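Residues per chain are reported as follows:
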Amino acid sequence: MRLNEEGLKNRQEWEAAGYALPQYDRQAVKKKTEEAPFWIHFGAGNIFRAFQANVVQNLLNDGVLDRGLIAAEGFDGEIVEKLYRPHDSYSVLVTLKADGTVEKTVVGSVVEALVADPAKEEDFSRLREIFRQPSLQMATFTITEKGYSLKNAAGEYLDAVAADMEAGPEKPVSYIGKVSSLLYERFLAGELPIAMVSMDNCSHNGDKLCAAISAYAETWDKKGLVKEGFAAYVSGKKVSFPWTMIDKITPRPDETVKGILLNDGIEDLDQIVTSKKTYAAPFVNAEECEYLVIEDDFPNGREALEKGGLIFTDRETVDKVEKMKVCTCLNPLHTTLAVFGCLLGYDLISKEMKDPVLKKLVEIIGHEEGMPVVVDPGIIRPEKFLDEVLNVRIPNPFMPDTPQRIATDTSQKLAIRFGETIKAYMASDKLDVKNLKRIPLVFAGWLRYLMGINDKGEKFELSPDPMLPTLCAVMEQVKLGESFDAEKILKPVLSDEKIFGVDLYKAGLADDVIKYFTEMNAGPGAVEAVLKKYTA
Ligand SMILES: NC(=O)c1ccc[n+]([C@@H]2O[C@H](COP(=O)([O-])OP(=O)(O)OC[C@H]3O[C@@H](n4cnc5c(N)ncnc54)[C@H](O)[C@@H]3O)[C@@H](O)[C@H]2O)c1
Ligand SMILES: O=P(O)(O)OC[C@@H](O)[C@@H](O)[C@H](O)[C@H](O)CO
C-alpha cells in the first residue's frame with residue numbers, strides 16, 4: 001500500500017485495513033481549488049495536517065466544501081519536497097483516543113503544496129498568482145511563535161529582515177517579508193480583501209502577525225519601494241488579522257504509531273528530520289480533542305467552517321478562551337512537565353503524570369495559582385477544560401508526546417504561559433503575587449534545565465531555542481554542586497521582561513526563584529528533592 005494517488009486507487013485494500021478514505025472526487029476538488037482558491041495555509045507542519053486539513057476533509061466529505069487547501073512552506077522547503085510531493089500531498093492522520101482505540105484517516109484535502117521562496121521561481125510565481133485571485137478569503141499560519149519575530153535579542157532587525165526592508169518586495173528572503181510581498185501582490189491586483197489569520201499559540205496572535213507585516217509595509221511605503229497606499233491597505237478594513245485560539249495536542253510522529261501503519265502494509269513511512277530540525281513523516285499522530293476559536297472578521301467572506309467544528313466569535317471571547325488555555329489551563333502545565341521531564345529523564349508526558357509529585361505540581365499551578373485570574377469565556381467552562389486536561393488529555397497513555405518537544409523554544413513562551421498570570425496578580429487588589437510559589441519553582445527548574453545537566457548529573461541535549469546561545473553562556477558560569485554569585489549571574493536573566501513578561505525583581509519573585517534554583521543546584525538528586533519539598 002503506497003500513500004499517493006496511484007496507491008490509493010485500490011480503495012478496497014485501504015478500507016479493509018481500517019482506513020477512512022476521502023469521500024470526494026479529489027481531481028475535481030483539485031481543479032476547482034486551482035481555479036478559485038479560498039484558503040492557503042503557511043507552515044505545512046504537523047498541527048496543520050492533523051487539524052485544519054482534517055476539518056476541510058470532513059467538510060469535503062459532507063459536501064459543505066467543494067474546494068480544498070493549499071499548503072505553503074516558507075521556512076523549511078524540505079517538508080514540501082521530501083514529504084508532500086512524494087505522497088501527492090496525502091497524509092495519514094492517526095487519532096489516538098484516551099480509551100486506547102485508534103482511528104486511521106487518509107487526508108487528501110491538501111491539493112497543492114508550494115515552497116514559499118522566490119529562489120523556487122515556479123512555486124513563488126504560483127503563490128503570487130494565488131494572492132491575485134479574488135476568491136482567496138484567508139491565509140492562515142502555524143509557523144511557531146518565533147516565526148513572527150523580526151528582531152534579535154538586542155532589539156535589532158535580523159539580517160534577512162533588514163535586507164528585505166531595504167530591497168523591497170521583489171525577492172524577499174525573510175519569512176514575513178515573503179508574506180508581505182504576496183500581500184503586496186494582492187494590493188496591486190485591486191486592493192482585494194483578505195483575512196490573514198495566525199493560528200499559533202501566542203497571545204493576541206493576530207496582532208503579532210499584523211505588527212510584523214505592517215513593519216514591512218510601512219518601511220517599504222516610506223522608502224518608496226511600493227506603490228503608494230500599501231501600508232494604508234494593510235492597516236485598513238480590507239485586510240483583517242483575526243485573533244484565534246488553537247488547541248489539539250499533536251506530538252511529533254511516533255515510532256509505535258509508524259509500527260501500526262507498517263503492520264497494515266503501508267510502505268514508505270520513514271520519518272524525516274529536516275536540516276532545520278522539523279520532525280515530519282507521511283503520517284501525523286494527534287489526540288481526538290480539538291478546539292479552534294476564531295474572531296469572526298473576514299473581509300472577503302468565509303466558508304461555513306463552523307459546520308466542521310470551528311467556533312467563530314468576537315475578539316473578546318477569543319481573548320478569554322486563549323488566556324484560559326495558553327496562560328492557565330494547558331500550556332503552562334505542559335511547560336512545567338517539559339522542563340522537569342527533561343531534567344528527570346522522562347521521555348513521555350503521560351508517564352510524568354503517573355508521578356504523584358509532578359501530577360500534584362501541575363494541579364496546583366492550574367487550579368490554585370492560575371485559576372483565580374481566569375475569566376470565564378462563556379463558550380468553554382475553564383474548570384471543565386482544566387479537569388479534562390489534567391485527567392484525560394495529558395495523562396493519555398496512548399499519546400506519544402514528549403517533554404523534549406514541548407521544551408522547544410521555552411524562552412519564547414514563558415512570558416505568555418506564566419507572565420500573564422503574574423501580571424494579573426500584580427494588578428489585583430485581592431491577590432498577592434507573593435503567594436505564587438510554584439510558578440517561581442518552574443522558572444528555577446528552567447534555569448537548572450539550561451545547565452544541560454540532568455538530575456543524575458549527566459549531560460543531556462537541550463531542545464532547540466533561539467536564545468540558547470545567550471542563555472547557555474550565562475548558565476555555564478554555574479557548576480552543579482558549587483556556590484555561585486546569583487546577583488551577578490542570574491539577575492540579567494531574571495530581570496528580562498522579554499523572557500518572563502515582567503521583571504521578576506520588580507514583581508517580587510526573583511528571591512524565590514534564586515532560592516529554589518540554589519537548592520536544585522545542590523547536586524545530583526536535588527531537583528527531585530526540591531519538587532517533593534515544595535509540592536506538598
Ligand atoms: N503541535 C501542537 O500540539 C500544536 C497545538 C496547537 C498549536 N500549535 C501551534 O502550531 C505551531 C507549529 O506546530 P507544529 O506541530 O506544526 O510543529 P512542526 O514542528 O510540525 O512544524 C513547525 C512549522 O513551523 C515552521 N517554522 C519553524 N520555525 C520557523 C521560523 N523560525 N519561521 C517560520 N516558520 C517556522 C516549520 O517550517 C513548520 O512549518 C506551534 O508552534 C504552535 O504555535 C501546535
Ligand atoms: O506548540 P508550542 O511549541 O507552542 O508548544 C508545545 C505544546 O505545549 C503545544 O504544542 C500543545 O501541544 C498545544 O498547545 C495543545 O493545543
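Conventions and cut-offs
Every chain's residues receive numbers from 1 upward, in the order its sequence appears when written. Here chains are named by letter from A upward and ligands by number from 1 upward, in the order in which they appear as written. Where totals are concerned, whole chains, interfaces and linings use all residues; where local detail is concerned, this predicted model gives features only for residues with pLDDT of at least 70, and gives and counts side-chain atom pairs only at 80 or more. Calculation of side-chain values draws on the structure's entire complement of heavy atoms; hydrogens and water are dropped beforehand. UniProt positions are given in the numbering used here, feature names are shortened, and annotations may be inferred rather than shown by experiment. Between the rings of Phe, Tyr and Trp (Trp by its six-membered ring), a pair exists once the centres lie within 6.5 Å; its type follows the angle of the planes, with under 30 degrees stacked, over 60 edge-to-face, and the other angles tilted. Helix numbers and strand numbers start at the N terminus; a helix is a DSSP run of H or I with at least 4 residues, a strand a run of E with at least 2. Working definition: with a 1.4 Å probe on protein chains only, accessible area under 20% of the residue-type maximum means buried, over 50% means exposed, and in between means partly exposed. Should the NZ of a Lys or the CZ of an Arg lie within 6 Å of a ring centre and within 35 degrees of the ring normal, that charge is described as sitting over the ring. Helix axes are fitted to C-alpha atoms over the stretch in contact, other axes to C-alpha atoms as well, and angles between N-to-C directions run from 0 to 180 degrees. Oblique is the label for any angle not covered by the other classes, which are roughly parallel (under 35 degrees), roughly antiparallel (over 145) and roughly perpendicular (65 to 115). By convention the crossing between two helices is left-handed if the near helix lies anticlockwise of the far one by an angle smaller than a right angle, and right-handed if it lies clockwise. In what follows, residue pairs with any heavy atoms lying within 4.5 Å of each other are defined as contacts. Any residue with at least one heavy atom within 4 Å of a molecule or strand is counted as near it. In the analysis that follows, any N or O atom pair within 3.5 Å is treated as a polar contact, provided that within protein one partner can donate a hydrogen and the other can accept it, and provided that, for residues neighboring in sequence, both atoms belong to side chains. Working definition of accessibility: Shrake-Rupley area with a 1.4 Å probe, residue cover restricted to the visible protein chains. For this classification, the nonpolar set comprises Ala, Val, Leu, Ile, Met, Phe, Trp, Tyr, Cys and Pro, the charged set comprises Asp, Glu, Lys and Arg, and every other residue, Gly included, is treated as polar. In this analysis, strands are considered paired if DSSP registers two or more bridges between them. Throughout, the edges of the domains are those of an automatic or database domain assignment. Here, the arc refers to the directions that run from the helix axis to the C-beta atoms. By definition, pLDDT measures how confident the predictor is in each residue, and it falls between 0 and 100. Two parts placed together each lose some accessible area; with a 1.4 Å probe, that loss summed over both constitutes the buried area. Salt bridges are defined as contacts in which a side-chain nitrogen from Lys or Arg sits within 4 Å of a carboxyl oxygen from Asp or Glu.

- In the nomenclature of an unreviewed UniProt entry, the chain is known as Fructuronate reductase of Murimonas intestini.
- What the UniProt record of the chain gives under Catalytic activity (unreviewed entry) is the line "D-mannitol 1-phosphate + NAD(+) = beta-D-fructose 6-phosphate + NADH + H(+)".

## A word on the packing of aromatic side chains
Note on aromatic pairs: each is described by the distance of the centres and the angle between the planes.
Logical step 1: Scanning the model with the defined rule gives 18 aromatic pairs in all.
Logical step 2: With a centroid separation of 5.0 Å and an interplanar angle of 70°, the aromatic rings of tyrosine 184 and phenylalanine 230 are classed as edge-to-face. Placement of tyrosine 184 in helix H8 (residues 175-188) and of phenylalanine 230 in helix H10 (residues 230-235) is noted, with a sequence separation of 46 residues between them. When sorted by exposure, tyrosine 184 lands in the same class as phenylalanine 230, which is buried.
Logical step 3: Put simply, the rings of Tyr184, Phe187, Phe230 and Tyr233 pair up and form one aromatic cluster.
Logical step 4: When the ring centre of phenylalanine 75 is taken as origin, the NZ or CZ atom of lysine 276, which lies over that ring, is 4.6 Å away.

## Some thoughts on the packing of helix H6 (residues 121-132) against H8
Logical step 1: Packing of H6 against H8 leaves a shortest axis separation of 7 Å and a crossing angle of 45°. As far as their axial angle goes, H8 and H6 are oblique. Considering how the two elements wind past one another, H6 and H8 form a crossing that is right-handed. Contacts from Phe124, Leu127, Arg128, Ile130, Phe131 and Arg132 of H6 reach H8 at Lys178, Ser181, Leu182, Leu183, Glu185 and Arg186.

## Here we look at the site of ligand 1
Logical step 1: Of all residues adjacent to ligand 1, which total 23 residues, the nearest are Asn46, Glu73, Asp200, Asn201 and Thr250.
Logical step 2: At 2.8 Å from an oxygen atom of ligand 1 is found a main-chain nitrogen or oxygen belonging to asparagine 46.
Logical step 3: Within the contact set of ligand 1, an oxygen atom lies 2.8 Å away from a backbone nitrogen or oxygen of threonine 250.
Logical step 4: Within the complex, the protein chains bury 86% of what would otherwise be the 820 Å² of accessible surface of ligand 1.
Logical step 5: In the shell around ligand 1, the residues fall into 8 nonpolar, 8 polar and 7 charged.

## Observations regarding the sheet that holds strand S2 (residues 39-42)
Logical step 1: Read across the open sheet, the 6 strands follow the order S6-S3-S2-S7-S8-S9; overall the sheet is parallel. Taken across any chain shown, the strands that pair with only one partner, and hence form the sheet edges, are strand S6 (110-115) and strand S9 (239-240).
Logical step 2: Pairing of strand S8 (residues 194-198) with S9 involves 2 bridges; the strand directions are parallel. Counterpart to alanine 195 in the pairing with S9 is serine 240.
Logical step 3: Strands in contact with helix H2 (residues 26-35) are strand S3 (69-73) and S6; relative to S6, the strand with the most contacts, it is inclined by about 50°.

## Brief notes about unusual backbone geometry
Peptide bonds are, in most cases, trans, and in most cases residues other than glycine have a negative phi.
Logical step 1: Phi at aspartate 88 takes a positive value of approximately 50°, unusual for a residue other than glycine.
Logical step 2: Mapping aspartate 88 onto the fold places it in the loop between helix H5 (78-84) and strand S4 (91-96).
Logical step 3: One non-glycine residue, threonine 144, lies in the positive phi region at around 70°.
Logical step 4: If you trace the backbone, threonine 144 turns up in the loop between strand S7 (138-141) and helix H7 (159-167).
Logical step 5: Accessibility expressed as a relative area gives 31% for threonine 144, which makes it partly exposed.

## Let's talk about the environment of proline 22
Logical step 1: In this fold, proline 22 is placed in the loop between strand S1 (19-20) and H2.
Logical step 2: Here proline 22 falls in the buried class, since its relative accessible area comes to 6%.
Logical step 3: Taking the C-alpha atoms as reference points, proline 22 and alanine 212, separated by 190 residues in sequence, lie 37 Å from one another.
Logical step 4: If we skip the residues at most four places from it in the chain, proline 22 touches Arg11, Gln57, Asn61, Tyr90, Val106 and Gly108.

## Focus: the site of ligand 2
Logical step 1: Residues in close proximity to ligand 2 total 13 residues, the closest being Asn201, Asp247, Lys325, His334 and Arg417.
Logical step 2: Within the side chain of asparagine 201, a nitrogen or oxygen atom sits 2.8 Å from an oxygen atom of ligand 2.
Logical step 3: Between aspartate 247 and ligand 2, the recorded distance is 2.5 Å, taken from a side-chain N or O atom to an oxygen atom.
Logical step 4: Taken by itself ligand 2 offers 400 Å² of open surface, and the protein chains cover 85% of this.
Logical step 5: Elements with a contribution of two residues or more to the shell around ligand 2: helix H13 (331-344), helix H17 (403-406) and helix H18 (410-427).
Logical step 6: For the shell around ligand 2, the residue count by class is 3 nonpolar, 3 polar and 7 charged.
Logical step 7: Built from parts of two domains, the shell around ligand 2 gets at least three residues from each of domain 1 (7-313) and domain 2 (316-534).

## Regarding H7
Logical step 1: Among the residues of H7, those classed as buried are Val161, Asp164 and Met165. Buried residues in H7, looked at end-on, bunch into an arc of 100°, giving them a common side. Away from the buried face of H7 by more than 90 degrees, exposed residues Asp159, Glu166 and Ala167 are located.
Logical step 2: Next to the buried residues of H7 lie H8 and helix H9 (205-222).
Logical step 3: Just past H7, the residue glycine 168 takes up positive phi, approximately 90°.

## Things to note about the confidence of the model for the chain
Logical step 1: Per-chain confidence: the chain averages 96 in pLDDT, with 100% of residues scoring 70 or above.
Logical step 2: Both confidence scores are given for the complex: pTM 0.93, ipTM 0.98.

## Some thoughts on the domain arrangement of the chain
Logical step 1: Once the domains are mapped, the chain shows domain 1 (7-313) and domain 2 (316-534).
Logical step 2: Between domain 1 and domain 2, the residue contacts involve 34 residues of the former and 33 residues of the latter.
Logical step 3: Carbon and sulfur atoms make up 64% of the surface buried where domain 1 meets domain 2, a total of about 2,800 Å² over both sides.
Logical step 4: Three residues, Met245, Ile249 and Arg252, lead the burial of domain 1 against domain 2; their summed loss comes to 19% of the area buried on that side.
Logical step 5: At the junction of domain 1 and domain 2, the tally comes to 3 salt bridges.

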